[in-house]
Amino acid sequence: MCYAIPGKLVAIKGNIGVVDYFGEHRNVLLDADAEVGDYVYAQGGVLISKISAEEAENTLSFWKEQFFKLKEVDQRLSVVKKTGKESANTLAILQKVTAGKPLSKEDMLALLKLDNASELKLVYETANNLRQKENDNACCVHGILEFSNYCRNDCHYCGIRKSSKIKRYRMATDEIIAAAEHAVKELGFKAIVLQSGEDEWYDDEKLATVVREIRAMGVLVFISIGVRSKETYKRLYDAGARAVLLRFETSNKTTFAQLRPGANFDERLELIKYAKKLGYIIATGFIVGLPGESDEDIINNILLTKSLGADMYSFGPLIPAEGTPLEKAPRTTKERLLKTIALARFTDPEAKILVTTAFETLDINARREGLLAGANSLMLNITPMQYRKLYHIYPGRPDTEKKIEEGIKQTVELLYSLGRAPTDLGI
Ligand code: 5AD
C-alpha cells in the first residue's frame with residue numbers, strides 16, 4: 001500500500017519543479033537532487049526524493065489503470081444537482097463561486113446561517129465541485145506521530161494541558177526515529193507529522209537529530225511542536241523539516257486570551273509568519289465551536305488562515321475534554337463544520353483542506369462528508385499503540401483502539417470509494 005504516487009520531473013525553473021502524473025502537472029519545491037526525466041516523490045508540494053526508474057515503473061503499472069478509474073469516480077461524485085428548492089439569494093451566492101468571483105463577508109454569513117437540507121446539499125456539492133476543478137482527485141495522506149504529551153501550556157480546552165492529572169509520556173529520540181521508520185518502511189508513509197505538547201525537554205539538538213534522521217528516509221517532515229523560538233524553527237528547517245502545523249486556535253483575541261492563559265496571540269501569529277518566510281509549507285487553522293463563538297468569528301478564522309498564506313487548512317470541532325474548564329461546553333454540529341469546510345474552499349479554491357480526527361470523533365461519517373464538502377487531505381495516527389491513549393487531547397478519538405493497519409485499510413477504502421488518489425497537490 002502507498003499514499004503517494006511517483007511522478008516524473010518534466011521541467012525545472014529555479015527552485016520549482018514540474019511533476020507529471022499521467023499527464024497532470026503540479027508545481028513543487030525542489031528539495032532533493034533530481035533532474036528532468038527522473039522519477040520522484042512529492043508530498044505537500046515538496047519534491048522529497050528521487051527513485052529509480054525500475055521502482056517507479058513497478059508502482060506506476062499498478063496505478064495507471066487505477067488512477068483513471070478513480071478520476072472517473074471522482075468526476076461522477078463532483079456533479080452539482082439543484083433541487084429547485086433553493087432560494088434566489090443562495091443561488092446567486094453560489095453562482096459567484098462558480099464564476100470564480102470572491103464572496104463578500106455578507107455572502108459567507110448568509111451561507112453559514114443556512115439550515116435547510118437541500119440548500120446545504122447544494123453548498124457542499126458546489127464546494128466539492130470547486131475542489132475537483134482546482135485540485136482534481138488528489139488527496140494528501142500524512143502520518144501523525146504524537147511523541148510527547150507534556151505541555152507547559154494550560155489551554156482551557158485541551159486534555160493534555162499542564163494542570164491535567166494524566167499519565168505523561170515522552171518518547172526518546174531513537175524511539176521516535178524507530179516509529180517513523182516503521183511508518184515509512186513498513187506502512188509506506190511519505191510524510192510524517194511530528195506532534196507534541198509544548199515540551200522543552202526536547203532541546204534543539206534532540207529535535208534536529210530526529211528531523212535529520214527522518215528526512216534522510218526520503219520523506220517530508222512536518223513539525224507540530226507549538227510555540228518555540230524562531231531559532232528552533234530555523235534550526236529545524238536547516239535540519240530538513242519543510243512543513244509546520246501550528247494553529248492560531250482562534251482569530252478572536254478576547255477568546256484567545258481567556259482560553260489560553262499566559263499565551264500570546266501576536267507572538268503565535270508572528271511565528272507562523274516567520275515559518276512561512278523561512279520557506280516552510282504552512283498548515284494552520286482554528287477550533288470550531290469555542291464558547292461564545294459567533295458566525296463572524298468563523299469567517300474571520302477562515303480569512304486569517306488565508307491571509308497567513310496557509311498551504312493547508314487545519315480545523316476541527318471542539319470536543320469537550322473531561323477535567324478541563326470546557327468539559328461541559330456544548331458540542332458544535334456537523335453541519336457547522338461542513339459549512340466551514342465549504343466556506344474555506346470558496347475562500348481559497350486551491351488550498352489543501354484537512355478533515356481532522358476531531359471531525360471523525362464528532363461524527364463517524366464526518367470524514368466522508370467532509371471530503372465531499374471541499375476537503376482533500378487527511379492524517380492518520382501512527383503513534384505507537386501504548387502512547388495513543390495517553391495523547392488524550394480530547395475523548396472518543398476513533399484511532400486510540402484501532403490498529404494502524406486497520407485505520408489505513410479503512411481510509412484507503414474510503415478514498416477509493418470517493419475516487420481520490422494520492423498524487424501530490426503541488427504548491
Ligand atoms: N477539542 C478539539 N481540538 C482540540 N485541540 C486541543 N484540545 C482540543 C479539544 N478539546 C486542538 C488544538 C491544538 C491541536 C493539537 O488540538 O487546536 O492546536
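Everything numeric in this text was worked out from a predicted model, so none of it was measured.

### Observations regarding helix H2 (residues 88–98)
Okay, so step 1: When H2 is considered as a whole, its buried residues turn out to be Thr90, Ile93, Leu94 and Val97. On an axial view of H2, the arc spanned by its buried residues comes to 95°, and they lie on one face.
Okay, so step 2: Packed against the buried residues of H2 are helix H3 (105–113), helix H4 (117–135) and helix H11 (334–347).
Okay, so step 3: Immediately beyond the C-terminal end of H2, within one or two residues, lies Gly100, with a positive phi of roughly 80°.

### Topic: helix H5 (residues 173–186)
Okay, so step 1: Taking 1.5 Å per residue, 14 residues should reach 20 Å; H5 reaches 19 Å between its end C-alpha atoms and fits that length.
Okay, so step 2: The positive-phi residue at the C-terminal boundary of H5 is Gly188, with phi of around 85°.

### Looking at the nonpolar core
Okay, so step 1: Grouped together as the largest cluster of nonpolar side chains are 112 residues, with contacts concentrated most on Phe189, Ile192, Leu194, Tyr233, Tyr280 and Phe346.
Okay, so step 2: Those residues within four positions of Phe346 in sequence are excluded, and the remaining contacts are Leu94, Val97, Leu103, Leu111, Val123, Thr126, Ala127 and Leu130.

### Let's talk about the packing of aromatic side chains
Okay, so step 1: For the structure on display, the rule yields 13 aromatic pairs.
Okay, so step 2: A connected cluster of aromatic rings, assembled from ring pairs, spans Phe22, Phe67 and Phe68.
Okay, so step 3: Against the face of Tyr41 rests Lys190, its NZ or CZ located 4.3 Å from the ring centre.
Okay, so step 4: Across from the ring centre of Tyr237, 3.8 Å away, lies the NZ or CZ of Arg242, which sits over that ring.

### Observations concerning the environment of Asp115
Okay, so step 1: Relative to the elements of secondary structure, Asp115 occurs in the loop between H3 and H4.
Okay, so step 2: Asp115 sits 140 residues away from Thr255 along the chain, and the two C-alpha atoms are 26 Å apart.

### As for the pairing of strand S7 (residues 191–196)
On a regular strand, each side chain points to the face opposite its neighbour's, so the side chains alternate between the two faces of the sheet.
Okay, so step 1: Counted residue by residue, S7 has six buried out of six residues, so it is predominantly covered.
Okay, so step 2: With H5 bridging strand S6 (residues 140–148) and its parallel neighbour S7, the resulting β-α-β unit is right-handed.
Okay, so step 3: In this sheet, strand S8 (residues 220–224) lies alongside S7 in parallel orientation, the contact comprising five bridges. In the strand pairing of S8, Ala191 is matched with Leu220.
Okay, so step 4: Regarding the hand of the β-α-β motif, the stretch spanning S7, helix H6 (residues 204–215) and S8 is right-handed.

Conventions used here
- Residues numbered from 1 in each chain as written.
- Predicted model: local features only at pLDDT ≥ 70, side-chain atom pairs only at ≥ 80, totals over all residues.
- Heavy atoms only, no water.
- Buried < 20%, exposed > 50% of the residue type's maximum accessible area, 1.4 Å probe, protein only.
- Helix = DSSP H or I, 4+ residues; strand = E, 2+ residues; numbered from the N terminus.
- Arc of directions from axis to C-beta.
- Contact = heavy atoms within 4.5 Å.
- Expected span 1.5 Å × (residues − 1).
- Core = buried A, V, L, I, M, F, W, Y, C linked by side-chain atoms within 4.5 Å.
- Phe/Tyr/Trp six-rings, centres within 6.5 Å; stacked < 30°, edge-to-face > 60°.
- Lys NZ or Arg CZ within 6 Å of the ring centre and 35° of its normal.
- Right-handed = clockwise from strand over helix to strand, strands pointing away.
- Pairing = 2+ DSSP bridges.

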